[in-house]
Amino acid sequence: MLDPVLISLGLPTDRLPRSPSLASADAIARISQRAEGAGYHAVFVTDHPFPPGRWLAGGGHNSLDPFVALSFAAAATATLRLQTNLLVLGYRNPFMAAHSIASLDSLSGGRTIIGVGAGYLEAEFDAVGAEFVDRARASDEALIAMIEAWTGNPVEFEGSRFRATGNVLQPLPAQRPHPPLIVGGNSTAAIRRAVTLADGWVPMPSPASAARRLRTPGIETIGDLSARLAIAHDIASEVGRTEPLQVWFTPWGLSGFGTGAWDPPRLRDSLDSLAAVGVHGATITLPGTTEDEFVAALESFAAAVSD
């Protein structure tokens, strides 16, 4: 019998400025408590510190700072996991990111899941002073640097944009040796990064027509996902990885490209199909412009999955 797919709920912190009440401290706390009570495994937040207006006008979104938002969720709950989906590594110095992650993991009692991505909004990279063309190499470098910092030992590291000369990180993450790291992206390069440097992979359901804009291949069907998973297995064999790769995915229709609506039997079939190909957890985005609407959606979804 297949293990059930774990469910991570997107906190509605991405609905600024349309629904500011959903991004309030009280709403984050109450929604997180309701999610914990309804049996969700985790909540997640996105990462867009300073997106371009033209992207927002085309359907993009602002968001709260991921660590600030997740700290409010952590303080209001006891067991709910706290997920970044996805933290853009190129926007930050890796040791600053390692410190933020370790602080959140320490204060939450070891509840973080750290999803990371290379990013794709060039104008946002420009605005925060980050290198867009070098983002893939920066992501690899950041993962290596963060893992080294989390050992607690003096770090000697010469990076492309930073240099550590015996520096020591505190606090250390509660989870040892570090929180689960899952790498986002559908490309072969992202899959290789996940297999060689991380604990898991979080591909994104997206239409092939959006591949150029999102700078990653589309995944439209279970067959597309299976093909990318085969690439992951081949890379694992190539590098000698034997530990299973934790895979997170979003059921079609519940991502940013979907409608937010679901039919319970089809939803359960979709989750079963994902579990059958090796998916460990599902990240979902639900509708709602008020707290009451959003809570009703999260409870309805939980009931649909458990029935």
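Everything here concerns the structure above.
Because the structure is a prediction, the values reported are computed rather than measured. (Residues numbered from 1 in each chain as written. Predicted model: local features only at pLDDT ≥ 70, side-chain atom pairs only at ≥ 80, totals over all residues. Heavy atoms only, no water.)

J.: Go over the sheet that holds strand E1 (residues 6–10), please, and point to the residues and values.
T.: Around the barrel, eight strands lie side by side as E1-E2-E3-E4-E7-E8-E9-E10; this closed barrel has parallel pairing. This sheet shows a mean twist of 25° between the axes of neighbouring strands, independent of strand direction. In terms of strand pairing, strand E2 (residues 42–45) meets strand E3 (residues 81–88) through four bridges, oriented parallel. In the sheet register, Phe44 faces E3, and the bridge partner there is Gln83. (Pairing = 2+ DSSP bridges. Helix = DSSP H or I, 4+ residues; strand = E, 2+ residues; numbered from the N terminus. Axes fitted to C-alpha atoms, helices over the stretch in contact; angles between N-to-C directions.)

J.: Tell me what's going on with helix H11 (residues 291–306), and back it up with residues and numbers.
T.: The terminal C-alpha atoms of H11 lie 23 Å apart, and with 16 residues this matches the ideal 22 Å at 1.5 Å per residue to within 8%. As for H11, its buried residues are in contact with E1, helix H1 (25–37), helix H10 (264–276) and strand E10 (281–284). (Expected span 1.5 Å × (residues − 1). Contact = heavy atoms within 4.5 Å.)

J.: Help me get a handle on the side chain of His61, residues and values and all.
T.: Along the polypeptide, His61 turns up in the loop between helix H2 (53–57) and helix H3 (66–75). Residue classification places His61 among the buried positions, given a relative accessible area of 19%. Within the structure, the side chain of His61 is placed 3.3 Å from the side chain of Thr46, a separation counted as a polar contact. (Buried < 20%, exposed > 50% of the residue type's maximum accessible area, 1.4 Å probe, protein only. Polar contact = N/O pair within 3.5 Å; in protein donor to acceptor, adjacent residues only side chain to side chain.)

J.: Outline the packing of aromatic side chains, listing residues and values.
T.: Scanning the model with the defined rule gives seven aromatic pairs in all. Seen in terms of ring centroids, Phe95 and Phe162 are 5.3 Å apart; in terms of plane orientation they differ by 85°. Their pairing is edge-to-face. Residue Phe95 is located in helix H4 (residues 94–107), and its partner Phe162 is located in the loop between strand E5 (155–158) and strand E6 (163–167); the two are separated by 67 residues in the primary sequence. Overall, the relative accessible area of 19% leaves Phe95 in the buried class. By way of ring pairs, the aromatic residues Tyr91, Phe125 and Phe132 are connected into one cluster. (Phe/Tyr/Trp six-rings, centres within 6.5 Å; stacked < 30°, edge-to-face > 60°.)

J.: Lay out unusual backbone geometry with the relevant residues and their values.
T.: It is generally the case that most residues other than glycine have a negative phi and that most peptide bonds are trans. In this structure, the amide linkage connecting Leu16 to the following residue, Pro17, adopts the cis form with an omega of -5°. Mapped onto the elements, Pro17 comes out in the loop between E1 and H1. In this structure, Pro171 follows Gln170 across a cis peptide bond, with omega equal to 0°.

J.: I'd love a proper account of the nonpolar core, names of residues and values included.
T.: In terms of nonpolar packing, the biggest core is built from 72 residues, with Leu9, Tyr40, Val43 and Leu286 touching the most fellow members. Beyond its immediate stretch of four places on either side in the chain, Tyr40 contacts Ile7, Leu9, Ala35, Leu80, Ile284, Leu286, Leu298, Phe301 and Ala302. (Core = buried A, V, L, I, M, F, W, Y, C linked by side-chain atoms within 4.5 Å.)

J.: Which residues make up the side chain of His48, and what are the values?
T.: As for its position among the elements, His48 is in the loop between E2 and H2. Look at His48 and you get buried, because its relative accessible area is 10%. Here Glu124 takes part through its side chain, which lies 2.9 Å from a polar atom of the side chain of His48.

J.: Describe in detail the pairing of E6, supporting the description with residues and values.
T.: Here E5 pairs with E6 via four bridges, running antiparallel. In the sheet register, Phe157 faces E6, and the bridge partner there is Ala164. Counted between consecutive antiparallel strands, the loop separating E5 from E6 contains four residues.

J.: Tell me about the packing of H4 against helix H6 (residues 135–149), and please be specific about residues and values.
T.: At a minimum axis distance of 9 Å, the contact between H4 and H6 shows a crossing angle of 50°. By the angle between their directions, the pair H4 and H6 is classed as oblique. For H4 against H6, the interelement crossing comes out right-handed. Together, Pro94, Phe95, Ala97, Ala98 and Ile101 of H4 and Ala142, Ala145, Met146 and Ala149 of H6 make up the contact between the two elements. Split into classes, the residues belonging to the contact of H4 with H6 amount to nine nonpolar, no polar and no charged. (Parallel < 35°, antiparallel > 145°, perpendicular 65-115°, else oblique. Left-handed = near helix turned anticlockwise from the far one by under 90°. Nonpolar A, V, L, I, M, F, W, Y, C, P; charged D, E, K, R; others polar.)

Nothing here speaks to function; it is all geometry.
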